[in-house]
Amino acid sequence: MTNVQTPDSFGRFGEFGGKYVPETLMLPLEELEQGLQEALKDPTFLEDYHYYLKEYSGRPTALTYAEKLSSRIGGAKIYLKREDLNHTGAHKINNAIGQALLAKRLGKKKIIAETGAGQHGVAAATVAAKFGLECKVFMGEEDIERQALNVFRMKLLGAEVIPATSGNKTLKDATNEAIRYWVQHCEDHFYMIGSVVGPHPYPYMVREFQRVIGEESKRQFQEREGGLPDKIVACVGGGSNAIGMFAPFVDDEVELIGVEAAGKGIDTPHHAATLTKGTKGVIHGSLTYLIQDEHGQIIEPYSISAGLDYPGIGPEHAYLKDSNRVEYQSVSDEEALEALHILAKEEGIIPAIESAHALATAYKEAAKMPSDKTILVCLSGRGDKDVHTLMNRMEGTVE
Amino acid sequence: MTTYLERLPKHDKLFIPFIMSGDPTPELTIKLALLLEEAGASVLELGVPYSDPLADGPVIQRASKRALAHKTTIKSTMELAGEMRRRGLKIPIILFTYFNPVLQLGEESFFALAKQNQVDGLLIPDLPFEESGRIREKCSEHAITYISLVAPTSKERMNTITEHAQGFLYCISSLGVTGVRKEFSEELYAFLEEVKKKSNVPTAVGFGISESEHIQTLKPYCDGFVVGSALINMIEQKEKQFKVDEEKTLHELKQQIEELISPLLAER
């Protein structure tokens, strides 16, 4: 059984995905789809993409055996796939490089991006600078305040940061406004989506640009352990690091676990646990699970992590959940923060709060497993951008 | 069951106003519908407010927000349509809604409510042709007219869209979201002529129609006009006035609308 499939002609994974967009965008999406198919078959394009991953981003990223952490937790050996060691500090750059090269190939000189925590915005601004593209990044006003450092980085890289002022002024609203801007400027702008969300072919394209995470992990793990990990854990907001990690393992006998943000708890209204608590609906161009009210109005999600507070999820994750190939769990703000502290103290690595969600689940799982088993965690990004949030949260408690 | 075509007045050129259900209040939505009919509307586009309207600009987004504050839903919008009928509205009512509210209400409830409240048509701006198969089928089963949109970027898709068009064909004037525009591109004329040539149903231009000059200039190239943001703008500006003297405000609004569509009225 192949779960991670090429989406059908409607761009669907099972019933999920599709292209629920204004008519004006259908042509640009078709052009993108065709351009992508050709690019993915073109050895020169792929060579370029891998060249920049290696020489610019610093791939392959390390596979770190967390020895001290493993012995503290007890149980399975914990390995970390170090996407935090990428240029710009997260897995987002893999996709940004891929899409920037594609934009150039399609003759587009201007890119639009949306960002929540700012990681994708920084990645987009970075590749725009590198490849000589003009870049506009849409970001919720609220997130602009929360992530001042990343906003400054984007500006330093020459990007224009455009505040999204609708709704809760976070990622959902930035995405709405980026799409609206794209509708108006689709003839000469390339829309660089940061996760496996949006209309087809975005979820498919972003997965293809992120699958390098899983492919590398597989090779590295085989070299180190002579086999595959028993379990793999990755955090899920839109879900791009997770799908990139899972994709090459879907047909293998490996347990896959995606971790959502439970925020203040899934029994409160303050969470972003789309797969745990969401229902089927359409958001930002695809059919997936999302957090909404009974009338179909989208509800603003909550998480301490500005990278996970998205009300929808990549349609492929919705499919992987329904087909029971991937198990999805949720982790609260508190649990994620505790996991972050443990990793920092034991291994000298400060992960992004997003990644700390995956860690929290990995600790729980590892503790239940025998010591001859292995668990691999996708450490999607580093925590530099979250230091401010952590300081506010911990004021008075830091030694 | 009376259908869209049976309700359609015999106007040479169609005036298709858009108003948002529940904006500024549900009661005023009904009065505005009746006023628009009196002012010469051929078809009413009745909007269902949505939290994330991808095809709309800031004016309609604000109207959505106001309507949601009045707890307007897709269900209450259709009930409002029913109330409009009871108060004598005769022209066809097209429900303008994003797909998600329809999906959540469920097909069965949707069509039952549409029938019960004499809604004649459906327009879903985020449901392109490829995704609309099932809903079109259901619409034809229930004698609901399904309105399609065609954009300047539709190119080869135009043939399929025009072939399946019902009621009227909504021609998007230019790239972008709904909202007032100052001028239109030269290419618009050729686009409109091509659509008109291919279409078996009347063509109506929308997105940005805000001045009587627009209507005057574009009149030879299409069969009608959709006016949304310009109208919502007028309503928004009068929000406070409505509370002071409703009747007078409605009267002023009617004059403003008649002024805007005067090039159409001149021909009637």
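Everything below is about the structure printed above this text.
Residues numbered from 1 in each chain as written. Chains lettered and ligands numbered in written order. Predicted model: local features only at pLDDT ≥ 70, side-chain atom pairs only at ≥ 80, totals over all residues. Heavy atoms only, no water.

(A) Structural view of the overall build of chain A. The number of helices and strands found in chain A is 16 helices and 14 strands. Its C-alpha atoms give chain A principal-axis dimensions of roughly 55 × 45 × 45 Å. The buried share of chain A, taken over its 399 residues, is 66%. If you take every contact in chain A between residues at least 6 apart in sequence, the share linking residues at least 24 apart comes to 74%. Between the mean site of the 42 positive side-chain charges and the mean site of the 57 negative ones, chain A shows a separation of 3 Å. (Helix = DSSP H or I, 4+ residues; strand = E, 2+ residues; numbered from the N terminus. Buried < 20%, exposed > 50% of the residue type's maximum accessible area, 1.4 Å probe, protein only. Contact = heavy atoms within 4.5 Å. Lys, Arg positive; Asp, Glu negative; His and termini not counted. Charge placed at Lys NZ, Arg CZ, Asp CG, Glu CD.)

(B) Layout of the sheet that holds strand S6 (residues 134-140) of chain A. Residue and element names in this part refer to chain A. One open sheet accounts for 4 strands, arranged S7-S6-S5-S8; its pairing is parallel. Because the sheet does not close on itself, it has two edges, and the strands there are strand S7 (160-164) and strand S8 (189-192). For this sheet, the mean inter-axis angle between neighbouring strands, taken without regard to orientation, is 25°. Against the sheet, helix H4 (residues 92-105) makes contact with strand S5 (110-115) and S8, and its axis sits at roughly 165° relative to S8, the strand it touches most. Its contacts with the sheet put helix H8 (residues 171-185) on S5, S6, S7 and S8, and the angle it makes with S5 is roughly 160°. (Pairing = 2+ DSSP bridges. Axes fitted to C-alpha atoms, helices over the stretch in contact; angles between N-to-C directions.)

(C) Here's a closer look at helix H3 (residues 58-69) of chain B. With 12 residues, H3(B) extends 16 Å between its outermost C-alpha atoms, agreeing within 8% with the 16 Å of an ideal straight helix rising 1.5 Å per residue. Within H3(B), burial applies to B:Val59, B:Ile60, B:Gln61, B:Ala63, B:Ser64, B:Arg66 and B:Ala67. Those residues of H3(B) hidden inside the fold are in contact with H8 of chain A together with strand S1 (14-20), helix H11 (229-237) and helix H12 (239-244) of chain B. B:Lys71 occupies a position one or two residues after H3(B) and carries a positive phi of about 60°. (Expected span 1.5 Å × (residues − 1).)

(D) Region of the structure containing the pattern of salt bridges. All names here are of chain B. Inspection of the entire model under this criterion finds 53 salt bridges over all chains. Across the pair Glu 246 and Lys 31 runs a salt bridge, and its minimum N-O distance is 2.5 Å. Of this pair, Glu 246 sits in helix H13 (residues 246-260) while Lys 31 is found in helix H2 (residues 26-39), placing the two residues 215 residues apart along the sequence. Of the residues examined, Glu 246 reaches a relative accessible area of 28% and is grouped as partly exposed. Put simply, Glu 79 and Lys 75 hold a salt bridge, and the shortest N to O gap is 3.6 Å. Highlighted residues: Glu 79 and Lys 75, both in helix H4 (residues 74-86), separated by 4 residues, approximately one helical turn. For Glu 79, a relative accessible area of 35% translates into the label partly exposed. Salt bridges sharing partners connect three or more residues here, namely Glu 27, Lys 31, Glu 83, Arg 86, Arg 87 and Glu 246. (Salt bridge = Lys/Arg side-chain N within 4 Å of Asp/Glu carboxyl O.)

(E) Representation of the sheet that holds strand S10 (residues 255-263) of chain A. All names here are of chain A. Strand order in this open sheet of 6 strands is S3-S4-S14-S9-S10-S13, and the pairing throughout is mixed. If you trace the sheet from one side to the other, it starts and ends with strand S3 (63-65) and strand S13 (326-332), each paired once. If you compare each strand with its neighbour and ignore which way they point, the axes differ by 25° on average. As paired elements, strand S9 (residues 231-235) and strand S14 (residues 374-379) share 3 bridges and run parallel to each other. In the sheet register, Ile 232 faces S14, and the bridge partner there is Leu 376. Contacts from helix H15 (residues 353-368) reach strand S4 (77-82), S9, S10, S13 and S14, with the element oriented near 170° to S14.

(F) The interface of chain B and chain A, seen in detail. Taken together, the 34 residues of chain B in the interface contact 35 residues of chain A. Buried area between chain B and chain A, summed over both chains or domains, comes out near 2,900 Å², and the portion from carbon and sulfur atoms is 54%. Of all residues in chain B, the largest losses of buried area upon contact with chain A belong to B:Leu54, B:Glu131 and B:Leu175, amounting jointly to 23% of the total for that side. The tally of links between chain B and chain A comes to 4 salt bridges. For A:Lys172, the salt bridge identified is with B:Asp52, shortest N-O distance 2.7 Å. Viewed at the interface, chain A and chain B are joined by 22 residue pairs in polar contact (both at pLDDT 80 or more). A total of 5 residues in the side of chain B that touches chain A trace back to one element, the largest contributor, which is helix H5 (residues 99-105) of chain B. Counted by class, the side of chain B that touches chain A contains 19 nonpolar, 8 polar and 7 charged residues. (Buried area = accessible area lost by both parts, 1.4 Å probe. Polar contact = N/O pair within 3.5 Å; in protein donor to acceptor, adjacent residues only side chain to side chain. Nonpolar A, V, L, I, M, F, W, Y, C, P; charged D, E, K, R; others polar.)

(G) Layout of the environment of B:Ile30. Residues and elements named next belong to chain B. Here Ile 30 is to be found in helix H2. Given a relative accessible area of 3%, Ile 30 falls into the buried group. On a C-alpha basis, the gap between Ile 30 and Gly 82 in space is 9.8 Å, while along the polypeptide they are 52 residues apart.

(H) How the structure looks around the pairing of S14(A). Residue and element names in this part refer to chain A. Of all 6 residues in S14, 6 are buried; the element is thus mostly enclosed. Alternating residues of S14 divide into Thr 374, Leu 376 and Cys 378 and Ile 375, Val 377 and Leu 379, and every residue in both groups is buried. Bridging between S4 and S14 involves 6 bridges; their strand directions are parallel. In the strand pairing of S14, Arg 82 is matched with Leu 379.

(I) Representation of the state of the cysteines in the model. Counting across every chain of the model gives 0 disulfides over all chains. Here A:Cys135 is not cross-linked by a disulfide; its sulfur's nearest cysteine counterpart is in A:Cys186, at 18 Å. No disulfide involves B:Cys171; its nearest neighbouring cysteine sulfur is the one of B:Cys222, lying 7.4 Å away. With a relative accessible area of 0%, B:Cys171 lands in the buried category. (Disulfide = S-S within 2.5 Å.)

(J) Summary view of the packing of aromatic side chains. Across all of its chains, the model carries 18 aromatic pairs over all chains by this definition. Judged by centre distance (5.4 Å) and plane angle (55°), the rings of A:Trp182 and A:Tyr191 are tilted. Here A:Trp182 and A:Tyr191 have matching classes, each one buried. Ring geometry for B:Phe18 against B:Phe96: centres 5.1 Å apart, planes inclined by 75°, an arrangement best described as edge-to-face. On the criterion of sequence distance, the pair formed by B:Phe18 in strand S1 and B:Phe96 in strand S3 (residues 93-96) is long-range, its members being 78 residues apart. Grouping residues by exposure puts B:Phe18 and B:Phe96 together as buried. In textbook terms, an aromatic cluster arises when at least three aromatic residues are bridged by ring pairs, as seen for B:Phe18, B:Tyr50, B:Phe96 and B:Tyr98. For the cation-ring pair, A:Lys218 lies above A:Phe249, with the distance from its terminal atom to the ring centre recorded as 5.4 Å. (Phe/Tyr/Trp six-rings, centres within 6.5 Å; stacked < 30°, edge-to-face > 60°. Lys NZ or Arg CZ within 6 Å of the ring centre and 35° of its normal.)

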